[in-house]
Amino acid sequence: MINLVVPLPHEGTEMRGKDTAGSRRDGSSAVAPMIGRGLRRDDVDSTEKRRTPATSATPGIRTSTTATRTTTTRTTPTGHAPSADGSDATAHAGLSFEALVEAYFDCRRTKRNTASALAFEADLERNLVGLFDELAGGGYRPGPSICFVVTRPRPREVWAAQFRDRIVHHLLYNRIGPRFERAFIADTCACIKGRGTLYAARRLEAKVRSVTGNWARPASYLKADIANFFVAIDKRVLAGQLEARIPEPWWLDLTMRVLFHDPRPNVILRATPVEMALVPAHKRLLEQLPHRGLPIGNLSSQFFANVYLDRLDQFAKHVLHCRHYIRYVDDFVILHEDRAWLAATHGEIETFLPHELGVHLNPAKTIIQPVDRGVDFVGQVVLPWRRFTRRRTFRGALRRTATAPADGLPQTANSYFGLLGQATACHRDRARLANILRRRGLAVDRELTRSFGLCS
């Protein structure tokens, strides 16, 4: 039975008789509903819809009204939790605890099982409230990053920020990203929702068919990329581009704090000297000047890279009038009927980049050739009437599938089935992959799209 005399604690504001006065972290009662229910809007009070009746604002007094009597319970005064409806002192800046929780869910989507994420989630409510307090009070400072080396497809440094810093990156991107992306051209790809490698490959294929009249006339293409792109980015130039589109002082300050954070002094190195030696010195962030380079591996770096090269996109489309142009990170392709026009365009871009952005084209990866030889872009090759996976990528898939440990083989195989399935001419490639899997004892569906684990 329910005792109507004793007030029932509300699910979002349960009684805390032992809280100390002004305790924000231990008394953050509005935090748990948002975290536990995945940001359901009706789990917390808001200015539009309240689930609890309005009560007196007398400190330390709680009232519970029933049909028979009114009971008053005295508790120790407690500090309020961060408001989910943006009613804190930082509301004018657009910062809210709800936005931070949304950023947390975005961040953990692919990082939940990492050591940094598990440590943060072990005391999730306290850590989120503490991070919010640092951001709102202006005391947030990025923590140390982990640096390690990957060898595929080529050796390079990767920098992994702490999980709490990754949450801030998502918070910043969720706030300022859309305004920049609305100004990007439709042919800017990578780190934009709906504009991944498959989008880029399909769009390039459509452009090739357009410039050749469905392969009825000849055309050529210019393909190039930026030399040592991420470590060559000039943060001073990028800061000017960001300042022009972020009028809010608080968000601009956070952006600059993330941009100019130098992870090198407090780096946690997880690479042996032998592994570090595999990365050429001119490709290491550790060897660059303080104002040069962004750490590969952070969402903020990917977003900043798109902002940085937007000036190239606008120059190509609106000054050089490149009708058939597409870019993925620092790789770009320009199509045209006239090979001489492409050569002249290459010269214009080669002059523009050092003057405006302080970067250079990689001469070893700059080519001009007919499109009917195949346009290699984002891991796929566009040829007349077909598009297939790059041969180097395909051979790597077969080799890795043949040698992968049995425990993780189904997951590895299914990821490669998905990759190969993005190409239009992929049945033969998927059949070769399926044959390897069958020889290793896995079952494969009739459509050659996925494996089902070990056969009995």
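Residues numbered from 1 in each chain as written. Predicted model: local features only at pLDDT ≥ 70, side-chain atom pairs only at ≥ 80, totals over all residues. Heavy atoms only, no water.

(A) Layout of helix H4 (residues 124-137). In this model H4 runs 20 Å from its N-terminal to its C-terminal C-alpha over 14 residues, within 8% of the 20 Å that 1.5 Å per residue would give. Glycine 138, located one to two residues past H4, shows a positive phi value of around 80°. (Helix = DSSP H or I, 4+ residues; strand = E, 2+ residues; numbered from the N terminus. Expected span 1.5 Å × (residues − 1).)

(B) Molecular detail of the sheet that holds strand E4 (residues 156-160). Spatially, E4-E3-E7 is the arrangement adopted by the 3 strands of the open sheet, whose pairing is mixed. The sheet is open, and its two borders are formed by E4 and strand E7 (268-269), each paired with just one other strand. In terms of strand pairing, strand E3 (residues 146-150) meets E4 through 5 bridges, oriented antiparallel. Across the sheet, the residue bridging to isoleucine 146 is alanine 160, located in E4. (Pairing = 2+ DSSP bridges.)

(C) Here's a closer look at the environment of phenylalanine 394. When you line up the elements, phenylalanine 394 lands in helix H13 (residues 391-403). Not counting the four nearest positions on each side in its chain, phenylalanine 394 is found in contact with Thr389, Leu420, Asp429 and Arg432. (Contact = heavy atoms within 4.5 Å.)

(D) Quick peek at the sheet that holds strand E13 (residues 386-389). Read from one edge of the open sheet, 3 strands run E11-E12-E13, paired in antiparallel fashion. For this open sheet the edge positions go to strand E11 (375-377) and E13, each flanked by a neighbour on one side alone. Taken over all neighbouring pairs, the strand axes of this sheet differ in orientation by 25° on average, direction set aside. Note that strand E12 (residues 380-383) and E13 share 4 bridges and pair antiparallel. Residue pairing in the sheet places leucine 383 in a bridge with arginine 386 of E13. (Axes fitted to C-alpha atoms, helices over the stretch in contact; angles between N-to-C directions.)

(E) How the structure looks around the nonpolar core. Leu135 and Ile167 are the most contacted members of the largest nonpolar core, which has 69 residues in total. In terms of residue count, helix H11 (residues 299-318) provides more of this core than any other element does, 10 residues in total. Residues contacting leucine 135, with those up to four places away along its chain left out, are Leu95, Leu100, Tyr140, Val168, Leu171, Trp250 and Leu254. Counting residues in each nonpolar core, the second largest holds 16 residues, with Leu398, Ala404, Ile436 and Leu437 among its members. (Core = buried A, V, L, I, M, F, W, Y, C linked by side-chain atoms within 4.5 Å. Buried < 20%, exposed > 50% of the residue type's maximum accessible area, 1.4 Å probe, protein only.)

(F) Spatial organisation of the side chain of aspartate 310. Relative to the helices and strands, aspartate 310 is located in helix H11. Notably, aspartate 310 is buried but unbridged: the nearest opposite-charge side chain belongs to arginine 327, and the N-O separation is 5.9 Å. With near-sequence residues (within four places) excluded, aspartate 310 lies in contact with Ala183, Phe184 and Arg327. (Lys, Arg positive; Asp, Glu negative; His and termini not counted. Salt bridge = Lys/Arg side-chain N within 4 Å of Asp/Glu carboxyl O.)

(G) Representation of the packing of aromatic side chains. Tallied over the entire structure, the rule returns 12 aromatic pairs. Centre to centre, the rings of phenylalanine 120 and phenylalanine 163 are 5.5 Å apart; their planes meet at 55°, and the pair counts as tilted. Taken together, the residues phenylalanine 120 in helix H3 (residues 115-122) and phenylalanine 163 in helix H5 (residues 163-181) connect sequence positions 43 residues apart. For phenylalanine 120, a relative accessible area of 8% puts it in the buried group. Residue class for phenylalanine 163 comes out buried when judged on its relative accessible area of 2%. Taken together, the aromatic side chains of Tyr104, Phe105, Phe120 and Phe163 make up a single cluster linked through ring pairs. Taking NZ or CZ as reference, arginine 245 lies 5.4 Å from the ring centre of phenylalanine 180, over its face. (Phe/Tyr/Trp six-rings, centres within 6.5 Å; stacked < 30°, edge-to-face > 60°. Lys NZ or Arg CZ within 6 Å of the ring centre and 35° of its normal.)

(H) Looking closely at the confidence of the model for the chain. Residues at a pLDDT of 70 or more form 79% of the chain, whose mean pLDDT is 84. Note on residues 1-29: pLDDT under 50 across the span, and 55 contacts to partners over four residues away in sequence or across chains. The low-confidence segment residues 39-89 (pLDDT under 50) makes 87 contacts with residues lying over four places distant or belonging to another chain. (pLDDT = per-residue confidence, 0-100.)

(I) A look at the packing of helix H2 (residues 97-108) against H5. Relative to each other, H2 and H5 sit at 115°, their axes nearing to 8 Å. If you check the angle between H2 and H5, you find them roughly perpendicular. Crossing angle aside, the handedness with which H2 passes H5 is right-handed. Residues Ala99, Leu100, Ala103, Tyr104, Asp106, Cys107 and Arg108 of H2 touch H5, and the partners they reach there are Phe163, Arg166, Ile167, His170, Leu171 and Asn174. Along the lines of polarity and charge, the residues of the contact of H2 with H5 split into 8 nonpolar, 2 polar and 3 charged. (Parallel < 35°, antiparallel > 145°, perpendicular 65-115°, else oblique. Left-handed = near helix turned anticlockwise from the far one by under 90°. Nonpolar A, V, L, I, M, F, W, Y, C, P; charged D, E, K, R; others polar.)

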